[in-house]
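Notes for the structure review
Read off the chains here:
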Amino acid sequence: MLENWKNQIIWITGMLLVLFLAACGSGSDSEENAEESSDSSMNIGEEVDYTITGIEPGAGITVTTEKAIEEYENLNGWEVEQSSTAAMVTELEKAMNNEEPIVVTGWNPHWMFTKFDNLKYLEDPQGVYGEVEQIKSLARTGLEEEKPNAYKLIDQFNWSVEDMEGIMYESSDTGEDIAAVAKQWVEDNPDKVAEWTDGVEDVDGVAVELVSTPWDSERASANVVAEALEQKGFNVTITPVDVAVMFEAIANGDGDATLAAWMPQTHADFYESFVDDFVDLGENLDGAKIGLAVPEYMEDINSIEDLEAK
Ligand code: PBE
């Protein structure tokens, strides 16, 4: 009997404690939200702590954003927070779930504008991020003479934003690795692949080293071309590196080719530094874009110039 009473008291005390903690939790949550989001005297710059949420330090868009901070007087005192693409996407998702302000570096091809359909690019009146970007293929000097069939296929490689984004969407939806989805894409698109392999002769295990960058867009293109090359008998390695290292590797002949040069703006500085030491094979994709982006609920912010100086 006494035992039963004891048990009941313990149980009731436990429940009260749970209820008490739950009440505390929700109370402090809503206080925090109120603090973070509704001080109308704060401008957007203050609210985001004069920070653009960016990606990897080795990305072209990071360098371009540093340039934007220099060019736009109103970005005086702002900083790009450099981390990783995954971290940026997580921050963006968190902000959007709470309708909090955030400024991110955005680009296409990518699924961010589809997954977050209320994300908008900011106008860029000074044209720092440019208009339309092309993704170009570059080869090392001598590749054409030494591996003419690889050179030919890489030179003929060309596809659309939809093709590339299709692979990226599928990989992000299903969690399947980009390389596997790209391989399947080659199976499913024989007509496109036939254009790239037109006039390319079969070889017997010739090694080709594709140098690339670590983003999904470039993992898609590198894997698609690697698969097409392998079907012709090449032995392909893909090496993902920082943008600067990629240009350097093609220029000094460590790598055979890259499919990942974003021009005319994103990789302009790297391109100019090495322009005499590689062969430009022209664009493999047209219609890419980079810029700063914010959620649509930041209604008054439509241009980079709408962000206030510190
Ligand atoms: N990106 C995607 C890269 C190229 C591919 C825009 C993040 C960059 O160098 O910025």
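As shown above, the structure is provided for reference.
Before going into details, it helps to say that this report is about the structure given with it. (Residues numbered from 1 in each chain as written. Predicted model: local features only at pLDDT ≥ 70, side-chain atom pairs only at ≥ 80, totals over all residues. Heavy atoms only, no water.)

Looking at the pattern of salt bridges
What counts here: What makes a salt bridge here is a side-chain nitrogen of Lys or Arg within 4 Å of a carboxyl oxygen of Asp or Glu, nothing more. Put simply, DSSP H or I for four residues or longer makes a helix, DSSP E for two residues or longer makes a strand, and each gets a number counted from the N terminus.
Across all of its chains, the model carries 10 salt bridges by this definition. Residue K136 pairs with D280 through a salt bridge whose shortest N-O separation is 2.6 Å. A residue pair is termed long-range when its members are at least 10 positions apart, and K136 in strand 5 (residues 133-140) and D280 in strand 9 (residues 278-295) qualify at 144 residues. With a closest N to O distance of 3.3 Å, K232 and D202 form a salt bridge. With K232 in the loop between helix 11 (216-231) and strand 7 (235-240) and D202 in the loop between helix 10 (190-196) and strand 6 (207-212), the pair connects residues that are 30 residues apart, well separated along the chain.

Brief notes about unusual backbone geometry
Quick reminder of the rule: Exposure is judged per residue with a 1.4 Å probe applied to protein chains only, and the accessible area is read against the type maximum: over 50% gives exposed, under 20% gives buried, and values in between give partly exposed.
In this chain, N108 is followed by P109 through a cis amide linkage whose omega measures 0°. For P109, the position within the fold is in the loop between strand 3 (104-108) and helix 5 (112-115). At the junction of M263 and P264, the peptide bond is cis and its omega measures out at 10° in the coordinates. Within the fold, P264 resides in the loop between strand 8 (257-263) and helix 13 (268-274). In the Ramachandran plot, D49 falls in the positive-phi region, its phi being about 60° despite a non-glycine side chain. For D49, the location among the structural elements is in the loop between helix 2 (44-47) and strand 1 (51-53). Taking relative accessible area as the criterion, D49 reaches 55% and is therefore assigned exposed. Residues other than glycine seldom take positive phi values, yet E99 does so here, at roughly 50°. Within the secondary structure, E99 sits in the loop between helix 4 (85-97) and strand 3. Judged by relative accessible area, which is 54%, E99 ranks as exposed.

Concerning the side chain of T53
Going by this rule: The contact rule is simple, with two residues in contact once any of their heavy atoms fall within 4.5 Å.
Inspection of the secondary structure puts T53 in strand 1. Assessed through its relative accessible area of 7%, T53 is described here as buried. Non-local contacts of T53, meaning those with residues more than four positions away in its chain, are made with E81, M88, E91, I102, V103, V104 and T105.

A short note on the site of the ligand
The following threshold applies: Near residues are defined by distance, with any heavy atom within 4 Å of the molecule or strand qualifying the residue. Polar contacts, as used here, are pairs of N or O atoms within 3.5 Å; protein pairs need one atom able to donate a hydrogen and one able to accept it. Residues neighboring in sequence count only if both atoms are side-chain atoms. Here the term charged refers only to Asp, Glu, Lys and Arg, the term nonpolar to Ala, Val, Leu, Ile, Met, Phe, Trp, Tyr, Cys and Pro, and the term polar to all other amino acids, Gly among them. The domain limits used here are those given by an automatic or database domain assignment.
Around the ligand, the neighbouring residues are I55, A59, G60, I61, W107, W215, S217, E218, V243, W262, T266 and H267. The backbone of G60 places a nitrogen or oxygen atom 2.7 Å from an oxygen atom of the ligand. At 2.8 Å from an oxygen atom of the ligand is found a main-chain nitrogen or oxygen belonging to I61. Breaking the shell around the ligand down by element, the ones donating at least two residues are helix 3 (60-71) and helix 11. In terms of residue class, the shell around the ligand is made up of 7 nonpolar, 4 polar and 1 charged. Residues from two domains meet in the shell around the ligand; each of domain 2 (44-131 + 292-306) and domain 3 (133-288) gives at least three.

With respect to the pairing of strand 3
Selection criterion: Two strands pair under a simple rule: DSSP has to find at least two bridges between them.
Among the 5 residues of strand 3, 5 are classified as buried, and the element is accordingly described as predominantly covered. Side chains V104, G106 and N108 project from strand 3 onto one buried face, and the interleaved T105 and W107 project onto a second face that is buried too. Pairing between strand 3 and strand 9: 5 bridges, direction antiparallel. Bridging from a neighbouring strand, V104 pairs with A293 of strand 9.

Quick look at the packing of aromatic side chains
Cut-off, in case you're wondering: Aromatic pairing here means that ring centres of Phe, Tyr or Trp (its six-membered ring) are within 6.5 Å. Orientation follows from the plane angle: under 30 degrees is stacked, over 60 is edge-to-face, and everything else is tilted.
Inspection of every chain in the model, using the stated rule, returns 9 aromatic pairs. Plain terms: the ring middles of F157 and W159 are 5.5 Å apart, the flat faces sit at 55° to each other, and that makes the pair tilted. Of the two residues, F157 and W159, neither departs from the other in class, the shared state being buried. For F157, a relative accessible area of 1% puts it in the buried group. By the ring-pair criterion, three or more aromatic residues cluster together here, those being F157, W159, W185 and W196.

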